[in-house]
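Given next are the chains, with one letter for each unit.
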Amino acid sequence: HHRHRYNHYHPSHFQEFISTPKNWPSIVLSSRGVSGGDIGRPMVEGASVEEIFGAPGIGKILPLRVRWKCRQAVEATDDAPGCLDVVAPEGLRGVAKNCRMQFEFASDGEGGCNVKMEIGYDPTTPLATAAAPLLRLDSQIALKLLLKRALPRSLLGP
C-alpha cells in the first residue's frame, strides 16, 4: 500500500475529489476515461462506473475496461477517517480478476490530510503478474505527482 500526506487539504474535500470518477483520468496515467452512472459526483455504496485503461497511444486501439462497484464510502470528519472501497470482481477480462482499490482519508492534525491507498488484483495471466511493478509505479506517480497537480485550489483549507 501507499501513504502520502497532503498539506492544507481537509480530508473530506480530498476524499470528495478522489471519489469522483470523472477526476480519475487526470490522476492516473493509465486511465483513459470513465463512463456510466453519475461520474461527476462522489461514488456512494452500490454505485458503479466503467473505467477504460490503456497505454498512451494504444489505449484507443486496445482499450481495457473495468467495471468498478463502490463497496463502501464513509465520509471523513475531523474526528474519524473516511474511506472509499471499490471492487471489480470480473476485473480485466483475460488479464486479472478481483480488482480492488481502497483509500483511507484521515486528518493529519495540522490542517492537512493523510491518504492511504491499497490496490490489488488476482492475475490470471503471466502478463498480469509481470505488470505488477508497473501498476505500483502508476499508483506512486498518481499519489505523489499527478494528484497534486490535479487538485483544484478551491479545495485548499484556510
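Look up: the structure comes first, before these words.
Quick caveat, the model's predicted, so the values are computed rather than measured.

Rules behind the numbers
- Residues numbered from 1 in each chain as written.
- Predicted model: local features only at pLDDT ≥ 70, side-chain atom pairs only at ≥ 80, totals over all residues.
- Heavy atoms only, no water.
- Helix = DSSP H or I, 4+ residues; strand = E, 2+ residues; numbered from the N terminus.
- Buried < 20%, exposed > 50% of the residue type's maximum accessible area, 1.4 Å probe, protein only.
- Contact = heavy atoms within 4.5 Å.
- Core = buried A, V, L, I, M, F, W, Y, C linked by side-chain atoms within 4.5 Å.

**Digging into the overall build of the protein**
Reasoning step 1: When helices and strands are tallied, the protein shows 4 helices and 7 strands.
Reasoning step 2: Written out in order from the N terminus, the α and β elements of the protein read β-α-α-β-β-β-β-β-β-α-α.
Reasoning step 3: A total of 158 residues make up the protein; the buried ones form 37% of that total.

**A short note on the environment of Thr125**
Reasoning step 1: Note on placement: Thr125 falls in the loop between β7 (113-123) and α3 (126-130).
Reasoning step 2: Spatially, the C-alpha atom of Thr125 lies 7.2 Å from that of Gly94, the residues being 31 residues apart in sequence.
Reasoning step 3: Each residue touching Thr125, except ones within four places of it in the same chain, is listed here: Gly94 and Val95.

**What to know about the nonpolar core**
Reasoning step 1: One finds Phe14, Trp68, Phe103 and Phe105 to be the most contacted residues of the largest nonpolar core, which totals 28 residues.
Reasoning step 2: Contributions of two or more residues to this core are made by α1 (11-18), α2 (24-27), β3 (48-53), β4 (64-74), β5 (82-88), β6 (96-107) and β7.
Reasoning step 3: Looking at this core element by element, the count peaks at 5 residues for β6.

**Section: the side chain of Asp85**
Reasoning step 1: Within the secondary structure layout, Asp85 lies in strand β5.
Reasoning step 2: Residue class for Asp85 comes out buried when judged on its relative accessible area of 4%.
Reasoning step 3: Excluding residues within four positions of it along the chain, Asp85 makes contact with Lys69, Cys70, Arg71, Gln72, Arg100, Met101 and Gln102.

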